[in-house]
Amino acid sequence: MEAAFLKSAFQASQYPPPDEAEVAFAGRSNVGKSSLLNALVNRKNLARTSSTPGRTQAINFFRVNDRFTLVDLPGYGYARVSRDVKKSWRGMVETYLRNRPNLKAVVVIVDIR
């Protein structure tokens with residue numbers, strides 16, 4: 001499987017063109033969104049992972065097989081960042097989820113522990 005980092009975005013004007021279907025990954029900080037994305041494309045370090053919650057701070061786009069895009073969204077909840085930063089993530093994620101015309105699915109990951 002071919003997979004490559006496409007770009008990071010903080011606002012809609014920075015998104016890649018809506019040419020391909022997108023599947024987004026959402027969930028709490030440190031639930032394993034980036035790790036799942038890496039496992040799906042069989043790559044260890046495509047999406048950056050960390051044991052510290054809140055490392056994904058932008059919307060990250062990854063092109064797969066030149067056919068579709070996987071999207072790693074910032075987490076919510078346990079991130080060790082300021083309240084203002086967390087607040088900005090909410091608006092960023094909500095804008096993406098509400099307005100992206102080529103978003104086909106959102107995978108919400110839940111840690112049942």
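Please refer to the structure placed before this passage.
Before going into details, it helps to say that this report is about the structure given with it. (Residues numbered from 1 in each chain as written. Predicted model: local features only at pLDDT ≥ 70, side-chain atom pairs only at ≥ 80, totals over all residues. Heavy atoms only, no water.)

Pairing within the open sheet is mixed, and its five strands lie in the order β1-β3-β4-β2-β5. Strands with a single pairing partner mark the edges of an open sheet, and in this sheet they are β1 (3-9) and β5 (103-109). Taken over all neighbouring pairs, the strand axes of this sheet differ in orientation by 25° on average, direction set aside. Bridge analysis of strand β3 (residues 59-64) against strand β4 (residues 68-72) gives five bridges, and the strand direction is antiparallel. Note that in β4 the partner of F61 across the bridge is V71. (Pairing = 2+ DSSP bridges. Helix = DSSP H or I, 4+ residues; strand = E, 2+ residues; numbered from the N terminus. Axes fitted to C-alpha atoms, helices over the stretch in contact; angles between N-to-C directions.)

With that out of the way, let us pick up the packing of aromatic side chains. Under the defined criterion, the tally for this structure stands at four aromatic pairs. An aromatic cluster of at least three residues, connected via ring pairs, comprises Y15, F61 and Y96. (Phe/Tyr/Trp six-rings, centres within 6.5 Å; stacked < 30°, edge-to-face > 60°.)

Take D72: it is sitting in strand β4. On the accessibility criterion, D72 (1% relative accessible area) is buried. In this structure the C-alpha to C-alpha distance between D72 and R48, which are 24 residues apart in sequence, comes to 9.8 Å. Side-chain polar atoms of D72 contact the side chain of S34, separated by 2.5 Å. (Buried < 20%, exposed > 50% of the residue type's maximum accessible area, 1.4 Å probe, protein only. Polar contact = N/O pair within 3.5 Å; in protein donor to acceptor, adjacent residues only side chain to side chain.)

Right, let's get into unusual backbone geometry. One non-glycine residue with positive phi stands out, namely N65, at about 55°. Checked against the element boundaries, N65 lands in the loop between β3 and β4. Overall, the relative accessible area of 31% leaves N65 in the partly exposed class.

This paragraph deals with the pattern of salt bridges. Enumeration over the complete set of coordinates arrives at three salt bridges. The salt bridge partner of R63 is E20, with a shortest N-O separation of 3.0 Å. On the criterion of sequence distance, the pair formed by R63 in strand β3 and E20 in the loop between β1 and β2 (21-27) is long-range, its members being 43 residues apart. E20 gets classed as buried once you look at its relative accessible area, which sits at 14%. The closest approach of N and O atoms between E94 and R98, which form a salt bridge, is 3.9 Å. With E94 and R98 both in helix α2 (residues 83-99) and four residues apart, the pair spans about one turn of that helix. A relative accessible area of 29% places E94 in the partly exposed class. (Salt bridge = Lys/Arg side-chain N within 4 Å of Asp/Glu carboxyl O.)

So, on to the nonpolar core. Counting residues in each nonpolar core, the largest one holds 13 residues, and the members touching the most others are Y15, A24, I59, F61, V71, L73 and Y96. Elements supplying a minimum of two residues to this core: β2, β3 and α2. Here this core gets four residues from one element, more than from any other, and that element is α2. (Core = buried A, V, L, I, M, F, W, Y, C linked by side-chain atoms within 4.5 Å.)

Nothing here speaks to function; it is all geometry.
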